[in-house]
Amino acid sequence: ERLRACRHSAGKSTLSPRAKGTLDRLLQEPAFALLTETVVSTAAWRENKWTIQVNNSCDAISCDQIWVACGRSFDCLSELVVQDLQEVSKARICGAYPLLDSATLAWPGIPNVMFMGTTAALALGPSAKYPSGFRAASEKIARALENPSAPASPLDFEDFVSSGELLCEGEGPNNGRWDESAKPSMLEESPIKQRLCNSSQGLEKCTIESYTWSDSDFEIDIYVKLNEPVEKEDVLVDIGDQALEVLAETKGRIYYLNLEKLYKPVQVKKSTYRVFEKKGKIVVRLTKCDNHEWKFLKG
């Protein structure tokens, strides 16, 4: 019955026919631009309007409203993690959805692997892919983590394969008490993104797309060459565990480099950077966690 309900809800989206018609008309306007394959990195409410920053541009976008709409076709077997789990402990697949434990949303035979979202649609119903479904899934998973010794609800499928023998030491449910003091919170903007959003409107914003890098044993050197001199105090470098941001402000321009995911994690405290002011050059030295060669700079 839930499979039929999920199939009935498929094909519908959070964009109404009326809104879709408006969008189709706007697409005919020369001044209208539709940004696809774009990730919103920051969103802030300032002076009675939204200011958002997207991943493929350093220019901030101002808007009055933000409409969150999502949807795509789904087939769990197309997901690599599901394919791997099927090799370890086989689950029954009904249509495009796996049959999970209805009480904990755990994968059959692997109690420490739990799912939420569309993958859990048979256990939660069509609402699994919406915010209300996310909340219901979170409550089920939280209860399972609080009481990992609770018996699993019966599963209706054949050829059950237990994976308990395949778990490594240290894996499996945590017997510790669930921390009820932890509360969800919004991630704060990095100092670089804050400065980028609050920069003077008279500055020309330039995305740094041309740079070079080298790999030597335990270090990665990234060379950024600007087209003009820059003062050291006008350069900000934010090195994360597996990310890098660089911002440089000159008299007329502001340069921005964002590497959201590096090839591998780095040692933040041991990583450094140097600014060659007259040459307009920035060298970032990342200290690797091992001496393995990096095939790419980005992950």
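As shown above, the structure is provided for reference.
What you are looking at is a predicted structure, and each value in this text was computed from that prediction instead of being measured.

**What about the environment of Thr 272?**
Okay, so step 1: For Thr 272, the position within the fold is in strand 14 (residues 266-276).
Okay, so step 2: A relative accessible area of 43% means that Thr 272 is categorised as partly exposed.
Okay, so step 3: In the structure, Thr 272 is positioned 35 residues away from Val 237 in sequence and 9.0 Å away in space, judged by C-alpha atoms.

**Overview of helix 5 (residues 131-146)**
Okay, so step 1: Spanning 16 residues, helix 5 covers 22 Å between terminal C-alpha atoms, matching the ideal 22 Å at 1.5 Å per step.
Okay, so step 2: Those residues of helix 5 not exposed but buried are Gly 133, Ala 137, Lys 140, Ile 141, Ala 142 and Ala 144.
Okay, so step 3: Buried residues in helix 5 make contact with strand 7 (110-114) and helix 4 (121-124).

**What to know about the environment of Cys 63**
Okay, so step 1: As for its placement among the helices and strands, Cys 63 is situated in strand 3 (residues 61-63).
Okay, so step 2: Residue Cys 63 is classed as buried on the basis of its relative accessible area of 18%.
Okay, so step 3: Each C-alpha atom of the pair Cys 63 and Asn 48 lies 9.6 Å from the other, and the pair is 15 residues apart in sequence.
Okay, so step 4: Those residues in contact with Cys 63 that lie beyond four places of it in its chain are Lys 49 and Trp 50.

**Quick notes on the sheet that holds strand 10 (residues 219-225)**
Okay, so step 1: Read across the sheet, 4 strands follow the order 9-10-15-14 without closing on themselves; strand pairing throughout is antiparallel. Two strands close off the open sheet at either side, each with one partner strand: strand 9 (211-216) and strand 14. Between one strand axis and the next, the sheet turns through 15 degrees on average, direction left out of account.
Okay, so step 2: When strand 14 meets strand 15 (residues 281-288), the two strands line up antiparallel, connected through 7 bridges. Bridge pairing in strand 15 links Tyr 273 to Val 284.

**Considerations on the nonpolar core**
Looking at soluble globular proteins, one finds that nonpolar side chains tend to be buried together.
Okay, so step 1: The biggest cluster of nonpolar side chains holds 24 residues, and the ones touching the most others in it are Ile 222, Leu 226, Leu 244, Ile 282, Val 284 and Leu 286.
Okay, so step 2: Elements represented by at least two residues in this core include exactly strand 10, strand 11 (235-239), strand 12 (244-249), strand 13 (253-259), strand 14 and strand 15.
Okay, so step 3: The residues touching Ile 282, leaving out its near neighbours within four places in the chain, are Ile 222, Tyr 223, Val 224, Leu 226, Val 235, Val 246, Ala 248 and Arg 274.

What counts and what doesn't
- The numbers attached to residues start from 1 for each chain and follow its sequence in the written order.
- In keeping with the predicted nature of the model, local features appear solely for residues at pLDDT of at least 70, side-chain atom pairs appear and are counted solely at 80 or more, and the whole-chain, interface and lining totals rest on all residues.
- The side-chain quantities take in all heavy atoms of the structure and omit both hydrogens and water.
- Think of it this way: any DSSP run of H or I at least four residues long counts as a helix, any run of E at least two long counts as a strand, and we number them from the N terminus.
- Each residue gets one of three labels from its accessible area relative to the maximum for its type: buried under 20%, exposed over 50%, partly exposed in between, using a 1.4 Å probe on protein chains only.
- Under the convention used throughout, the expected extent of a helix is 1.5 Å for every residue step, that is, one less than its residue count.
- In what follows, residue pairs with any heavy atoms lying within 4.5 Å of each other are defined as contacts.
- What makes two strands pair is DSSP finding at least two bridges between them.
- Orientation is described by lines fitted to C-alpha atoms, with helices fitted over the stretch in contact, and by angles between N-to-C directions that extend from 0 to 180 degrees.
- What is meant by a nonpolar core is a set of buried Ala, Val, Leu, Ile, Met, Phe, Trp, Tyr and Cys residues, joined one to another through side-chain atoms within 4.5 Å.

Coordinates in, geometry out; function isn't part of it.
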